[in-house]
Amino acid sequence: MPADGLNRRFLLAAPFALAACQGAAPAGAAPTALPPLKSIAPCPVGVCAMTGHFDDPAWVDLATRHFNQITPEWEMKMEAILGEDRSYDFTRPDRIAAFAAEKGMRLHGHALVWYSQGAEAFTGLDRTRFAVEYDRYIAAVAGRYRGKVVSWDVVNEAVAEDGNGLRDCHWSRSLGQDGYIIRAFEQARAADPDAVLFLNDYNLENNPVKGATFLRLVERLLKAGAPIGGIGTQSHLDIEIPAGQITTFMKDAAQFGLPIHVSELDASRRRDGGFDPRSARQKQDQQTARVTELAEAYLSLPERQRFAFTVWGLRDSDSWLTRDARAGSGDSPLLFDATGAPTTMFSALAGAFRP
Ligand code: XIL
């Protein structure tokens, strides 16, 4: 059997073999037999992080073994930096930047402008002062991490939830629907001439209407001269979507020739609300199919467009989807389980990356 074939068979079997001897390794110990994901991936591979993770040796060992890029999960957003008095506190993001530098990992900045944050600090400002403070914040944050980040999610989740048009928010109401987005990219570019500047959004594969709206927005912004340098698709996958939707979106997104970041991959096996007749095996198979499709669609991109492939959490227990008790039971949306053992999602991704 050719070496690759052997490796593929090993990769696919590894999680099951390791699962069979579950518990043999101390909790969180990185199984040494498993090849690091970053060594078999066709691009940088990222994981989101919080400063609290840096005090967990098991997290640090596993994350640094498999990944070479970090995205701050929430501590580089306005909620962590911007006070209601419009003061700035960089304590948390500075620690994340220091960790990435210490570990030799790339740092992806997330996120300069998001519809869901910042309203309190901008309340009561007239349009002129609003614009001044908006520019000042972006310039301060992007300027501080110039040379430390390789990229930014400059504007996050600008498209309406259902994909019909753009999201109305305090930024758009004050600076205009496309206006606040163009302004943010211009300010970020001025503050950091080297960072790759991304427009980032979710459900682009899950909801073709939203994906199309997002791509029309990218096209319009590029024509308007916005310095958009990349497309971020969060890929919080709905594993029950039809086969092919992911592939179609990735092909459509590639049309601009821009780097594409799979920026927040997780693949929940849960179904919101109501009775779920699927068996555990059916859910696992759906997850494997959609994650494999995403990886293969990503692999089909030209290398220059494969910016990075980032998962939104290291272990299932780190996921925002499982953090509260209600949601936690039984979901496995990530590459490693709570003990640090690889899940079948790891084998799906590794198998697709290394055919
Ligand atoms: C989430 C984090 O995972 C949570 O810890 C935080 O409380 C809220 O934000 N899309 C995004 C991410 O762009 O920033 C969100 O992350 C998940 C959805």
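Residues numbered from 1 in each chain as written. Predicted model: local features only at pLDDT ≥ 70, side-chain atom pairs only at ≥ 80, totals over all residues. Heavy atoms only, no water.

Enquirer: I'd like a description of the overall build of the protein chain, backed by residues and values.
Expert: Within the protein chain one finds 14 helices and nine strands. Out of the 355 residues in the protein chain, the part that is buried amounts to 56%. The contacts of the protein chain with a sequence gap of at least 6 include a subset with a gap of at least 24, amounting to 77%. With the model as given, the accessible surface of the protein chain reaches about 14100 Å², and the carbon-plus-sulfur share is 53%. (Helix = DSSP H or I, 4+ residues; strand = E, 2+ residues; numbered from the N terminus. Buried < 20%, exposed > 50% of the residue type's maximum accessible area, 1.4 Å probe, protein only. Contact = heavy atoms within 4.5 Å. Areas by Shrake-Rupley, 256 points an atom, 1.4 Å probe, with all protein chains shown as cover.)

Enquirer: Give me the lowdown on the confidence of the model for the protein chain, citing residues and values where you can.
Expert: Predicted confidence across the protein chain gives a mean pLDDT of 91, with 89% of residues reaching 70 or more. Below a pLDDT of 50 lies the segment residues 1-28, which in the model reaches 33 contacts outside its immediate sequence neighbourhood of four places, other chains included. (pLDDT = per-residue confidence, 0-100.)

Enquirer: Tell me about the packing of aromatic side chains, and name the residues and values.
Expert: Applying the stated criterion across every chain yields a total of 15 aromatic pairs. Aromatic pair Phe122 and Trp171: ring centres 4.9 Å apart, planes at 80°, arrangement edge-to-face. You can see Phe122 sitting in helix α6 (residues 119-122) and its partner Trp171 sitting in helix α8 (residues 170-175), a full 49 residues away along the chain. Look at Phe122 and you get buried, because its relative accessible area is 3%. In textbook terms, an aromatic cluster arises when at least three aromatic residues are bridged by ring pairs, as seen for Tyr88, Phe90, Tyr137 and Tyr145. Taking the ring centre of Phe307 as reference, the NZ or CZ of Arg106 above it sits at 4.7 Å. We note Lys210 situated over the ring of Tyr202; from NZ or CZ to the ring centre the distance is 3.4 Å. (Phe/Tyr/Trp six-rings, centres within 6.5 Å; stacked < 30°, edge-to-face > 60°. Lys NZ or Arg CZ within 6 Å of the ring centre and 35° of its normal.)

Enquirer: How would you summarise the packing of helix α10 (residues 208-223) against helix α11 (residues 245-253) if you had to cite specific residues and measurements?
Expert: In contact at an axis separation of 11 Å, α10 and α11 are set at 5° when each is read in the N-to-C sense. Compared by their axis directions, α10 and α11 come out roughly parallel. Residue-level contacts link Pro208, Gly211, Phe214 and Leu215 of α10 to Gln245, Phe249, Asp252 and Ala253 of α11. Of the residues assigned to the contact of α10 with α11, the class counts are five nonpolar, two polar and one charged. (Axes fitted to C-alpha atoms, helices over the stretch in contact; angles between N-to-C directions. Parallel < 35°, antiparallel > 145°, perpendicular 65-115°, else oblique. Nonpolar A, V, L, I, M, F, W, Y, C, P; charged D, E, K, R; others polar.)

Enquirer: So, the environment of Phe90: which residues are in play, and what are the values?
Expert: Within the secondary structure, Phe90 is located in the loop between α4 (78-81) and α5 (91-103). With relative accessibility at 12%, the residue Phe90 sits in the buried group. Taking the C-alpha atoms as reference points, Phe90 and Glu75, separated by 15 residues in sequence, lie 8.9 Å from one another. Once residues within four sequence positions are removed from consideration, Phe90 is found in contact with Ile81, Ala140, Val141, Arg144 and Tyr145.

Enquirer: I'd like a description of the site of the ligand, backed by residues and values.
Expert: Residues in close proximity to the ligand include Glu73, Lys77, His110, Trp114, Asn156, Glu157, Gln234, His236, Glu264, Trp312, Trp320 and Arg323, which together make up its full environment. Taking Glu73, its side chain carries an N or O atom lying 2.6 Å from an oxygen atom of the ligand. One of the side-chain nitrogen or oxygen atoms of Lys77 is found 2.6 Å away from an oxygen atom of the ligand. In isolation the ligand has 410 Å² of accessible area, and contact with the protein removes 82% of it. For the shell around the ligand, the residue count by class is three nonpolar, four polar and five charged. (Near = heavy atom within 4 Å. Polar contact = N/O pair within 3.5 Å; in protein donor to acceptor, adjacent residues only side chain to side chain.)

Enquirer: So what's going on with the pattern of salt bridges? Residues and values would help.
Expert: Going through the model one piece at a time under the given rule, you end up with 21 salt bridges. One salt bridge connects Arg92 with Glu75, and the closest N-O pair in it is separated by 2.5 Å. In this pair, Arg92 is assigned in helix α5 and Glu75 in the loop between β2 (69-72) and α4, connecting sequence segments 17 residues apart. Given the relative accessible area of 38%, Arg92 is considered partly exposed. Of the charged contacts, one joins Asp276 and Arg278 as a salt bridge, the two residues approaching to 2.7 Å between their closest N and O atoms. The network of salt bridges with common partners includes Arg86, Arg129, Glu133 and Arg136. (Salt bridge = Lys/Arg side-chain N within 4 Å of Asp/Glu carboxyl O.)

Enquirer: Any details on the side chain of Asp201? Residues and values, ideally.
Expert: Here Asp201 shows up in strand β5 (residues 196-201). At 3.2 Å, the side chain of Asp201 and the backbone nitrogen of Ala158 are in polar contact. Each residue touching Asp201, except ones within four places of it in the same chain, is listed here: Glu157, Ala158, Val159, Lys210, Phe214, Gly232, Thr233 and Gln234.

Enquirer: Quick rundown of unusual backbone geometry? Include the residues and the values.
Expert: The amide bond that connects His110 to the next residue, Ala111, takes the cis arrangement and shows omega of -5°. The topology assignment puts Ala111 in strand β3 (residues 106-114). Within the chain, Arg86 stands out as a residue other than glycine whose phi angle is a positive 65°. Note that Arg86 resides in the loop between α4 and α5. We classify Arg86 as buried; its relative accessible area is 18%. Residues other than glycine seldom take positive phi values, yet Ser235 does so here, at roughly 60°. Mapped onto the elements of the fold, Ser235 is located in the loop between β6 (230-233) and β7 (236-238).

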